[in-house]
Amino acid sequence: MAHDHQGSHGHQGSHGHHHGHNHDNHGHGHSHAPKDFGPRFLIAAALNAVFIVAEVIYGLASQSLALLADAGHNFSDVIGLLLAWTAWWLAKRKPGPNFTYGYRSASIIAALLNALLLFAAVAVIVWEAVRRLQAPAAVEGETVIWVAALGIVINGVTAWLFVGGQKDLNIKAAFAHLAMDALVSAVVVVSGVVLLYTGWAWVDPALSILVSGVIIWGTWGLLVDSTGLALQGVPKHIDYARVKAWLAAQPGVSEVHDLHIWGMSTTEVALTAHLVIPGGHPGDDFLHEVTHHLEHDFAIGHVTIQIETGAHPCGLAPDDVV
């Protein structure tokens, strides 16, 4: 089916693009992560990388699977932070003839890879924990306590770096994972205390499995959201039916079709739609008003509207080939 929308209707679509706007103060519109979050990804990655080395060294020395499990989790977080930083850097690049939207979708890919890495790390942790439960090893509880306590401090500080910017899926994921890491380290401290006073070797792998469950629970939403965005699904904060009803209720509009809503990145939403207005093209003021309300009321910042007069059903001209 060949469509020549501009030639068929004599009107071009209206493009409501609002680049570089941040409407956080109003609670509306699409937003971009603050510029200083790029370096924060690197700072958090560096601090966690140093801590991973300590966890591996003392985890092996004390035979603590809980420490090694947390090190594996932290390693996947470091990779995730580097992926998020890469996505942040790519998103700053200007659009070109081959990538007309730029590299905004890199943030979606980074979020999805981050979730998959976490699940892979959990699989390894659980496998080793089950093996350890069958043959528990002696663990030095005091070493576990001090190293895990250090983890609470490091993860708490790095999580604080991402307190702001929660509207970005990558930043939200970074904060959630680092805050969860602090919680996991607290659980490991408990493991060390129990080991120190009871000598129960099974506590270490058992708590590792518990930690894995916490990781899966905390990561599942990220996996679902990032997969949906990667498949160009409607972002979860957008009510498709409500948007369509609002467009249909605009003055002179008799029908809305070919309505598509998708995430261009983890923070930006795009929309295209055909509005049938039998009374004729309503003019640029109407289009500007529609795009303005879509951004401020629905957080959809990249809008393309095509007006049809209804002369040709479904936007087809008489000479279109079906």
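Residues numbered from 1 in each chain as written. Predicted model: local features only at pLDDT ≥ 70, side-chain atom pairs only at ≥ 80, totals over all residues. Heavy atoms only, no water.

(A) Seen up close, the confidence of the model for the protein chain. On average, residues of the protein chain carry a pLDDT of 78, and 83% of them reach 70 or more. The least confident element of the protein chain is helix H1 (residues 5-9), whose mean pLDDT is 38; the most confident is helix H8 (residues 240-248), at 95. (pLDDT = per-residue confidence, 0-100. Helix = DSSP H or I, 4+ residues; strand = E, 2+ residues; numbered from the N terminus.)

(B) Examining unusual backbone geometry more closely. Although it is not a glycine, Asp258 sits at a positive phi angle of roughly 50 degrees. With respect to the helices and strands, Asp258 occurs in strand E2 (residues 255-263). The class of Asp258 is partly exposed, set by a relative accessible area of 37%. Of note, the phi angle at Ala299 is positive, near 60 degrees, even though the residue is not glycine. (Buried < 20%, exposed > 50% of the residue type's maximum accessible area, 1.4 Å probe, protein only.)

(C) Geometry of the packing of helix H4 (residues 106-134) against helix H7 (residues 203-230). Running from N to C, H4 and H7 cross one another at 160 degrees; their axes reach a closest spacing of 8 Å. In terms of orientation, H4 and H7 fall into the roughly antiparallel class. Of the two possible hands of crossing, H4 and H7 adopt the one that is left-handed. Its residues assigned to classes, the contact of H4 with H7 comprises 23 nonpolar, 6 polar and 2 charged. (Axes fitted to C-alpha atoms, helices over the stretch in contact; angles between N-to-C directions. Parallel < 35°, antiparallel > 145°, perpendicular 65-115°, else oblique. Left-handed = near helix turned anticlockwise from the far one by under 90°. Nonpolar A, V, L, I, M, F, W, Y, C, P; charged D, E, K, R; others polar.)

(D) Just the pattern of salt bridges, in detail. Taken as a whole and assessed by the stated rule, the structure comprises 2 salt bridges. With its nearest N and O atoms 3.2 Å apart, the salt bridge here joins Lys236 to Asp225. Remark: Asp225 occurs in helix H7 and Lys236 occurs in the loop between H7 and H8; sequence separation between them is 11 residues. Among the residues examined, Lys236 registers a relative accessible area of 66% and is labelled exposed. (Salt bridge = Lys/Arg side-chain N within 4 Å of Asp/Glu carboxyl O.)

(E) Structural view of the packing of aromatic side chains. Under the definition given, this model contains 5 aromatic pairs. Both rings, one in Phe119 and one in Trp220, keep their centres 6.2 Å apart while their planes meet at 70 degrees; by these two values the pair is edge-to-face. With Phe119 in helix H4 and Trp220 in helix H7, this residue pair connects regions lying 101 residues apart in the sequence. (Phe/Tyr/Trp six-rings, centres within 6.5 Å; stacked < 30°, edge-to-face > 60°.)

(F) Spatial organisation of helix H9 (residues 284-298). For H9, with 15 residues, the first-to-last C-alpha span of 20 Å sits near the 21 Å given by 1.5 Å per residue. Among all positions of H9, only Phe286, Leu287, Val290, Thr291, Leu294, Glu295, His296 and Phe298 are buried. Immediately beyond the C-terminal end of H9, within one or two residues, lies Ala299, with a positive phi of roughly 60 degrees. (Expected span 1.5 Å × (residues − 1).)

(G) Representation of the pairing of E2. As defined by bridge partners, E2 adjoins strand E3 (residues 269-276) across 7 bridges and the pair is classed as antiparallel. When the bridges of E3 are listed, His257 appears paired with His274. Hairpin connection of E2 to E3: 5 residues between the antiparallel strands. (Pairing = 2+ DSSP bridges.)

(H) Representation of H7 within the structure. In this model H7 runs 39 Å from its N-terminal to its C-terminal C-alpha over 28 residues, within 8% of the 40 Å that 1.5 Å per residue would give. The largest bend in H7 comes to about 35 degrees, at Thr219. One or two positions beyond H7, positive phi appears at Gln232, with a value near 60 degrees. (Bend = angle between axes of the 7 residues up to and from the residue.)

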